[in-house]
Amino acid sequence: MGTEKPEGEEEDRGMASLLAARKALRAGLDKSRALSRALAREGPRLEEIQARLPAMEASVRPIRASRDALAAAGPNIDRAVGPAAAVLKVFDAVHGLEPPLLARAAVSQDLPGYLAVLAQLEQARRFLADNLAVAAQWLTDIVSYIGDRNLADPGFVADLAEALAQLKDPANADLDGGLLSAALDILQVQFRRLLADHCAPLAMNPASIAPPRIPPSVVRRLSLILDRLAANGRLDVCSAAYADARGETVNASLRALGLDYLQEAAEDAQTLSPSVDLWGRHLEFAVHHLLEAERKVCVAVFEKRPEAASSCFAEIAARAGILDFLKFGRAVADARKDPIKLLRLLDVFDSLNKLRPDFNRLFGGKACLEIQSRTRELVKRVVDGAVEIFEELLVQVQLQRNMPPPVDGGVPRLVSFVATYCNQLLGDQYRSVLTQVVTIHRSWRKEPFNEKMLVDAVLNIVKTLEANFDTWSKAYGDVTLSYLFMMNSHWHFFKHLKGTRLGELLGDGWLREHEQYKDYYSAVLLRESWGTLPPLLSREGLILFSKGRATARDLVKQRLKSFNASFDEMYQKQSTWVISDRELQQKTCHLVVQAIVPVYRSFMQNYGPLVEQDISANKYVKYSTEDLDKMLNTLFLPKPGRPRRAGSFQIRPSNDKITSEMTGLYRSASTLK
């Protein structure tokens, strides 16, 4: 039988449970209130965490693999991340080079230091270029590994694969964020600035040529800058900048000499003659003092790139105006043919020939093909043109034989011209040049030529001209005038060739013959003209006055009248004649005076009184002895402005006949060795 508990004890336990429940409820309520207050205080922070949860979820979302699968992929990921980390470290180093490379002042203050930093950038770029693709390939392999094993979200894997594919493409890989390009731009600006700082035209003082040069230190800086720019694909830009600057500098230096004449257009060489002399001196100056120096500087700046140096120098020479010099030489070669043109062509050839070694050295490379071509073409045209004129000289002298002689009996212009001209051809200035020119031309035709053949050809020209004298003298209607002409011409030859190179070659005997011819024709001229006047004042019949004073007076009047008429006629006629040489004119006048005045003076002293008292004395006594002396001493003076014939000497177009005659002349001359 069970034991029953008292009723009051049960009531006590129920009350205790109720009190405990109330206490627990109250404690929970207090905790809820505390938590609510805490949540209220931490609300903003929780909101921040809540905002970050989607991103955290997104980053974790691709990882879909189990812990074991990820653990197996770990070593492979580590092997790929190692090279990638090295590449990232180099990228960081490149970023650290930005401040010194972008500081523009550094390149002018410390160029070697700047280039050293640039070298570090170039080295870093080479490392990146060599390793970036490898690192990207390793990462690509890992991405493929992850994708193949479904270790991450497929979309995430695809995005990584696309990014790595672009990174492996060199065209899309920006290795330095444009830093190298910016640094090269700074160097390029400095290169141009150095050129601009030393672009002043050179001092043009022919008496003392001391033009400023680019200092060696600047040349060295230009070379260092160009080396780096060229190594990075900017050689053409540097060459163009250098050619622009230096070409303009040389061109400005030459313009200071006054080269406007290079653009002259003239049909005849006579007009160009003063400019040809300037052309030769200016071309020599341009080659020796400007282009030679420019080439040395150009070679120093382009030290490691000789082909680029040649190309750049060719451009400088072209910009400086060397082609304008060759163009002027072409203008001389294209001028109208005449003997003066031959001399100018020889001047041009001589200048070019003296500069031939310099031209070969300066313009011998492939880059100067245009200058070489223009020079060869000019030399050929000069040689052809000079020989063509020279070969026609003899025939042209022969053709002049048909021209009328000077109407005043003076020396034909052709005679004075040819004497001087041939002497020039055989003088020190032109003899060797002409020999060389004809020798070159003959070599093209495989024909021999030497200096003796040249001398013989020139002497034949002079002797052919001498033969023209007789033909010209026979053209005069007045034989006395022909004597004057022959006296003038022979004396001109003697006087103007004696003591000259041409005179030496012709010989003393040849010269003496002309002096003797002068004396002969002078005597004949005096005898046949003025020598006929003294007999008109004969004393015959007047000595004894045999028929009375009146008869004597009539004889005196008659003889004075005859003398006056003959004198007036002869004086009027010969007052238009000319003796070109002043010495010969004075000597001839003196002989005429001596032949006339003493006889007239004596006659007038003895018989003048017979008529001087006559009412018609002025009719018979027209001249005093002083008048005659003065009038006769003014005879034969050259008249200014009077045209001279037998003096036009133009080279006509060549033909087969002329060429054949001249070729025969040279071949015959070659047998006289």
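Thresholds applied
- Residues numbered from 1 in each chain as written.
- Predicted model: local features only at pLDDT ≥ 70, side-chain atom pairs only at ≥ 80, totals over all residues.
- Heavy atoms only, no water.
- UniProt positions renumbered as here; feature names shortened; annotations may be inferred.
- Core = buried A, V, L, I, M, F, W, Y, C linked by side-chain atoms within 4.5 Å.
- Buried < 20%, exposed > 50% of the residue type's maximum accessible area, 1.4 Å probe, protein only.
- Helix = DSSP H or I, 4+ residues; strand = E, 2+ residues; numbered from the N terminus.
- Contact = heavy atoms within 4.5 Å.
- pLDDT = per-residue confidence, 0-100.
- Polar contact = N/O pair within 3.5 Å; in protein donor to acceptor, adjacent residues only side chain to side chain.
- Phe/Tyr/Trp six-rings, centres within 6.5 Å; stacked < 30°, edge-to-face > 60°.
- Expected span 1.5 Å × (residues − 1).
- Salt bridge = Lys/Arg side-chain N within 4 Å of Asp/Glu carboxyl O.
- Axes fitted to C-alpha atoms, helices over the stretch in contact; angles between N-to-C directions.
- Parallel < 35°, antiparallel > 145°, perpendicular 65-115°, else oblique.
- Left-handed = near helix turned anticlockwise from the far one by under 90°.
- Nonpolar A, V, L, I, M, F, W, Y, C, P; charged D, E, K, R; others polar.

- You'll find the chain entered in an unreviewed UniProt entry as Exocyst subunit Exo70 family protein, with Eleusine coracana subsp. coracana given as the organism.
- In its Function (unreviewed entry) section, the UniProt entry covering the chain states "Component of the exocyst complex."

Examining the nonpolar core
So, point 1. Grouped together as the largest cluster of nonpolar side chains are 163 residues, with contacts concentrated most on Leu187, Tyr242, Leu342, Phe363, Phe390 and Trp530.
So, point 2. Of the residues forming this core, the biggest block, 12 residues, is contributed by helix α10 (residues 269-301).
So, point 3. Setting aside chain neighbours within four positions, we find Leu187 in contact with Val107, Leu111, Tyr114, Leu115, Leu118, Ile225, Arg228 and Leu229.

Things to note about the confidence of the model for the chain
So, point 1. Across the chain, the average pLDDT comes to 81, with 72% of residues at 70 or higher.
So, point 2. Scored below 50 in pLDDT, residues 56-61 makes 0 contacts in the model with residues more than four places away or belonging to other chains.
So, point 3. Long-range and interchain partners of residues 653-673, a stretch whose pLDDT sits below 50, account for 36 contacts in this model, where long-range means more than four residues apart.

Some thoughts on the environment of Asp334
So, point 1. By the element assignment, Asp334 lies in the loop between α12 (322-333) and α13 (339-354).
So, point 2. Sequence-wise, Asp334 and Asp268 are 66 residues apart; in three dimensions their C-alpha atoms are separated by 8.8 Å.
So, point 3. Residues contacting Asp334, with those up to four places away along its chain left out, are Lys341 and Arg381.

Notes on the side chain of Ser273
So, point 1. Turning to its location among the elements, Ser273 is positioned in helix α10.
So, point 2. When its relative accessible area of 16% is taken as the criterion, Ser273 is described as buried.
So, point 3. Here Arg344 takes part through its side chain, which lies 3.1 Å from a polar atom of the side chain of Ser273.
So, point 4. In this structure Ser273 touches Ile340 and Arg344, once residues within four positions along its chain are discounted.

Brief notes about the packing of aromatic side chains
So, point 1. With the rule as written, the count across this model stands at 21 aromatic pairs.
So, point 2. Geometrically, the ring pair formed by Tyr517 and Tyr521 is stacked, given 6.4 Å between the ring centres and 25 degrees between the ring planes. Of this pair, Tyr517 and Tyr521 both sit in helix α21 (residues 508-528), separated by 4 residues, roughly a single helical turn.
So, point 3. Here Tyr517 falls in the partly exposed class, since its relative accessible area comes to 38%.
So, point 4. Centroid distance Phe563 to Phe567: 5.9 Å. Interplanar angle 20 degrees. Geometry classified as stacked. Taken together, the residues Phe563 and Phe567, both in helix α22 (residues 549-574) and 4 residues apart, mark about one turn of the helix.
So, point 5. Take Phe563: its relative accessible area is 0%, and that puts it in the buried class.
So, point 6. Given the relative accessible area of 0%, Phe567 is considered buried.
So, point 7. The structure contains a cluster of three or more aromatic residues connected by ring pairs, namely Phe469, Trp472, Tyr476, Phe485, Phe493 and Trp510.

Digging into helix α7 (residues 179-197)
So, point 1. For α7, which comprises 19 residues, the first-to-last C-alpha distance of 27 Å matches the rise-based estimate of 27 Å (1.5 Å per residue) to within 8%.
So, point 2. Within α7, burial applies to Leu179, Leu180, Ala183, Leu184, Ile186, Leu187, Gln188, Gln190, Phe191, Leu194 and Leu195.

Quick word on the environment of Leu224
So, point 1. Tracing the backbone shows Leu224 in helix α8 (residues 216-231).
So, point 2. Among the residues examined, Leu224 registers a relative accessible area of 24% and is labelled partly exposed.
So, point 3. Taking C-alpha positions, Leu224 is 8.4 Å from Leu115, a pair spaced 109 residues apart along the chain.
So, point 4. Ignoring anything within four residues of it in the chain, the contact list for Leu224 reads Leu111 and Leu115.

Looking at the pattern of salt bridges
So, point 1. A complete count under the given rule lists 34 salt bridges for this structure.
So, point 2. Residue Asp334 pairs with Arg381 through a salt bridge whose shortest N-O separation is 2.5 Å. In this pair, Asp334 sits in the loop between α12 and α13 while Arg381 sits in helix α15 (residues 369-399), placing the two residues 47 residues apart along the sequence.

A word on helix α11 (residues 306-320)
So, point 1. A rise of 1.5 Å per residue sets the reference length of α11, with its 15 residues, at 21 Å; its end C-alpha atoms lie 21 Å apart and thus fit the reference within 8%.
So, point 2. Within α11 the residues assigned to the buried category are Ala308, Ala309, Cys312, Phe313, Ala314, Ile316, Ala317 and Ala320.
So, point 3. Considering only its buried residues, α11 is in contact with α9 (235-255), α10, α12, α14 (356-362) and α15.

As for unusual backbone geometry
So, point 1. Even without a glycine there, the phi angle at Lys446 is positive, about 55 degrees.
So, point 2. If you trace the backbone, Lys446 turns up in the loop between α17 (431-444) and α18 (451-473).
So, point 3. Not every positive phi belongs to a glycine, and Phe636 is a case in point at roughly 65 degrees.
So, point 4. Mapping Phe636 onto the fold places it in the loop between α26 (625-633) and α27 (656-669).

A closer look at the environment of Ser223
So, point 1. Structurally, the position occupied by Ser223 is in helix α8.
So, point 2. Taking the C-alpha atoms as reference points, Ser223 and Val301, separated by 78 residues in sequence, lie 4.3 Å from one another.
So, point 3. When neighbours within four sequence positions are excluded, Ser223 is seen to be in contact with Ala300, Val301 and Glu303.

Describing the packing of α13 against helix α16 (residues 413-425)
So, point 1. It is at 11 Å that the axes of α13 and α16 come closest, and there the two elements cross at 20 degrees. As the angle between them shows, α13 and α16 are arranged roughly parallel. With respect to the hand of their crossing, α13 and α16 are arranged in left-handed fashion. On α16, the residues touching Pro339, Ile340, Leu342, Leu343 and Leu346 of α13 are Phe417, Tyr421, Gln424 and Leu425.
So, point 2. Across the contact of α13 with α16, the residue classes tally to 8 nonpolar, 1 polar and no charged.

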